[in-house]
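Commentary on secondary and tertiary structure
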Amino acid sequence: MTTPAIGAISALNAAGPGAATRSGYPDMDPELRVSLVRSPATGVTRESVPPVPEEISFLMREVSSEGELVE
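Presented here is a report on the structure given in the accompanying data block. (Residues numbered from 1 in each chain as written. Predicted model: local features only at pLDDT ≥ 70, side-chain atom pairs only at ≥ 80, totals over all residues. Heavy atoms only, no water.)

Our focus in this paragraph is the overall build of the protein chain. A count of helical and extended segments in the protein chain gives two helices and two strands. Start at the N end of the protein chain and walk to the C end: the helices and strands fall as α-β-β-α. Across the 71 residues of the protein chain, 3% fall into the buried class. Sequence-distant contacts, at least 24 apart, represent 24% of the contacts inside the protein chain between residues at least 6 apart. Here the protein chain has roughly 6,300 Å² of accessible surface; of this, 57% comes from carbon and sulfur atoms. (Helix = DSSP H or I, 4+ residues; strand = E, 2+ residues; numbered from the N terminus. Buried < 20%, exposed > 50% of the residue type's maximum accessible area, 1.4 Å probe, protein only. Contact = heavy atoms within 4.5 Å. Areas by Shrake-Rupley, 256 points an atom, 1.4 Å probe, with all protein chains shown as cover.)

Summarising the element assignment, Ser 64 is placed in the segment after helix 2 (54-57). Assessed through its relative accessible area of 56%, Ser 64 is described here as exposed.

Let's shift gears to the pairing of strand 2 (residues 43-48). For a regular strand, the rule is simple: side chains alternate between the two faces of the sheet. Two elements, strand 1 (residues 34-39) and strand 2, share six bridges in a ladder whose sense is antiparallel. When the bridges of strand 2 are listed, Arg 38 appears paired with Val 44. Hairpin geometry of strand 1 and strand 2 is characterised by an intervening segment of three residues between the two adjacent antiparallel strands. (Pairing = 2+ DSSP bridges.)

The grouping of Val 52, Ile 56 and Met 60 at the surface amounts to a nonpolar patch, some 280 Å² of accessible area in total. For Ile 56, the position within the fold is in helix 2. (Patch = residues over 30% accessible without salt bridge, like charges linked within 9 Å, V, L, I, M, F, W, Y side chains within 5 Å. Salt bridge = Lys/Arg side-chain N within 4 Å of Asp/Glu carboxyl O.)

Okay, the environment of Arg 33 next. With respect to the helices and strands, Arg 33 occurs in the loop between helix 1 (4-12) and strand 1. Considered as a pair, Arg 33 and Glu 47 are 14 residues apart in the sequence and their alpha carbons are 9.1 Å apart. If we skip the residues at most four places from it in the chain, Arg 33 touches Met 28 and Val 49.

Once that is clear, we can look at the environment of Pro 30. Its place among the elements puts Pro 30 in the loop between helix 1 and strand 1. With a relative accessible area of 67%, Pro 30 lands in the exposed category. Through-space distance from the C-alpha of Pro 30 to that of Val 49 is 10.0 Å; in sequence the pair is 19 residues apart.

Structural data, given as structure tokens:
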């Protein structure tokens, strides 16, 4: 048994290509880059995720997964 919120979130976040990144689908669908917010008044809604601020993004870098289990 699932709660209505979990059921609504599951319905909004279908596990297709882009819902999660993995070797078969390495690029994330930009439409799925959202926060799911539940409110008693409005139910579950999508809110866009703002870009990473420059003061943080300059610290980020690609990390090799060569030789690692990535699935």
